[in-house]
Amino acid sequence: MSLLDDAARFESLSALSGFRADFYDCLTARADALFELTDALLCADGPMKSLVDLTLTAEHRRGHGALYDGLNCGRIEADRLRAELARLPLPRTDDGRIVLAVDVSPWLRSDASTSADRLFCHVYGRAKSVSQFIPGFPYSFVAALESGRTSWTGILDAVRLGPEDDATAVTAHQLRSVVERLIAAGHWRDGDPDILIVMDAGYDVTRLAFVLADLPVEVLGRIRSDRVLRLPKPPRAPGTNGRPPKHGPEFALAKPPTWPEPQHTTTTETTRYGTATARSWDRLHPRLTHRTCWLDHDGELPVIDGTLVRLEVDHLPGDRNPDPVWLWSSATGATAADVDRWWRSYLRRFDLEHTFRLFKQTLGWTRPKIRTPEAADRWTWIVIAAHTQLRLARPLAEDLRRPWEKPAAPGRLTPARVRRGFRNLRAATLHPARAPKPGKPGPGRPPGSKNRRPAPRYDVGKTVKRDLTMAEHQDRKG
């Protein structure tokens, strides 16, 4: 057993050192400063409060000027780093299926009037749980999930949404790129089950299913409880005249009398939610019209069939009364086992929220007051690289728990606990950064002089107005 443990430890250390070398190769400008900044973020004691505090760690051998110079003037080849992330061991579910989650997390910058490309981010839980729109940088993340209740995810991509971007188009391109990289890396081959992509409400799940139909993926998303879908068109009776119908009767999610008998009904006992009851209806689709994203669609609008699932549980944590959850999957002809797998995978989507909390509260993703969006992208990729190293060091770390914390079983350490012992693991890994060269700080602005070049101010919000109706589209096109 000791030989097997030593072999597994050597393999994990090799994977960690290999990623550190590949990450250093992705840093094509100010590489040493950015790499040591990542190590300082991993080895700092406690949560990251400010960037300048990272220069006081032993792993950061340069001054604070090199830190800011690396963020402002450095360069990270994001596409190459994305490819390196796709080549790493991928988290999977118990049945070996790849499950990807996509979600948007905002970096709020309400006081940064000199920062360009800010958008209004929809934020919950502020001002007595009232949702607000706060200026900031919204980032779309794609992560691989695993089975069971865990706070570990594998971040595969991050894209900042700009003022001119269509969120659905950017998400579709992001998911397509991630899936293609996973296929190129050998994580999916012909004959494997389709990759499952889960998302929460707010995404146009039917549009994404139509755009990604040529890929080996299933799209699963939550839809609003006031939606109205259409059942399959009824069979045409012989001798009936007139144009055949394209859609069947309405299925109003808020009106139970419009619901036919479900194809499948499953009941599962859970320890967290009590009894979970799932009902499914096959081949339901929305009725599309030539509006919003379908304005430029050539030809007849498609019929995008899928499976509708209604999930109902007894209670939520804290004895709260839950509302039913409606899910729509792009797959049809599902079995009862598929329905159970879908809603379980949807619940695993919330593991990504633990990753966002780690990014913001422990790794300090949103702490720096960075001005330019390009510097914000560099810092985001540094945080992702640090989190990836924690994931690779997961089987190597020891439980350095506080006296008031409970012992954790092997393999059940949280990312924050793995970070506590990363300084001990760093000594056995590769250190490609070179020693700093002696230098002197610049003179700076003379004391008492005024700033003669004030930074420009930028407006917040979208800069491109999209047509909502066919009339507006035709007027703009002439």
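You'll find the structure just up there.
Just so you know, these numbers come straight off a predicted model, no measurement behind them.

1. Comments concerning the pattern of salt bridges
Thought 1: Scanning the model with the defined rule gives 32 salt bridges in all.
Thought 2: Across the pair Arg82 and Asp157 runs a salt bridge, and its minimum N-O distance is 2.4 Å. Residue Arg82 is located in helix α5 (residues 78-87), and its partner Asp157 is located in strand β6 (residues 154-160); the two are separated by 75 residues in the primary sequence. Asp157 carries the same exposure label as Arg82, and that label is buried.
Thought 3: Among the charged side chains, a network of salt bridges with common partners joins Asp32, Glu36, Arg61, Arg62 and Arg434.

2. Concerning helix α6 (residues 167-184)
Thought 1: Here α6 contains 18 residues, and its C-alpha end-to-end distance of 26 Å stays within 8% of the 26 Å for a straight helix at 1.5 Å per residue.
Thought 2: A positive backbone phi angle near 85° is found at Gly186, which sits one or two residues after α6.

3. Description of the packing of helix α9 (residues 351-362) against helix α10 (residues 373-392)
Thought 1: It is at 11 Å that the axes of α9 and α10 come closest, and there the two elements cross at 115°. By crossing handedness, the relation of α9 to α10 is classed as right-handed. Seen from α9, the contacting residues are Thr355, Leu358 and Phe359; seen from α10, they are Val383, Ile384 and His387.
Thought 2: In the contact of α9 with α10, the residues fall into four nonpolar, two polar and no charged.

4. Side note on the layout of surface pockets
Thought 1: Roughly 570 Å³ of internal volume is contained in the second largest pocket.
Thought 2: In this structure, the second largest pocket is lined by 18 residues; those nearest its centre are Arg62, Gly63, Ala66, Pro436 and Lys437.
Thought 3: Elements with a minimum of two residues in the lining of the second largest pocket: α2 (31-43) and α4 (64-73).
Thought 4: Broken down by element, the residue count for the lining of the second largest pocket peaks at four residues, all from α4.
Thought 5: Among the residues forming the lining of the second largest pocket, the class breakdown is seven nonpolar, four polar and seven charged.

Cut-offs and rules
Residues numbered from 1 in each chain as written. Predicted model: local features only at pLDDT ≥ 70, side-chain atom pairs only at ≥ 80, totals over all residues. Heavy atoms only, no water. Salt bridge = Lys/Arg side-chain N within 4 Å of Asp/Glu carboxyl O. Helix = DSSP H or I, 4+ residues; strand = E, 2+ residues; numbered from the N terminus. Buried < 20%, exposed > 50% of the residue type's maximum accessible area, 1.4 Å probe, protein only. Expected span 1.5 Å × (residues − 1). Axes fitted to C-alpha atoms, helices over the stretch in contact; angles between N-to-C directions. Left-handed = near helix turned anticlockwise from the far one by under 90°. Contact = heavy atoms within 4.5 Å. Nonpolar A, V, L, I, M, F, W, Y, C, P; charged D, E, K, R; others polar. 1 Å grid on protein atoms, 1.4 Å probe; cavity = no way out; pocket = protein on both sides within 12 Å on 5 of 7 lines; lining within 4 Å. Points joined across faces, edges and corners; volume = space filled by probe spheres on them.

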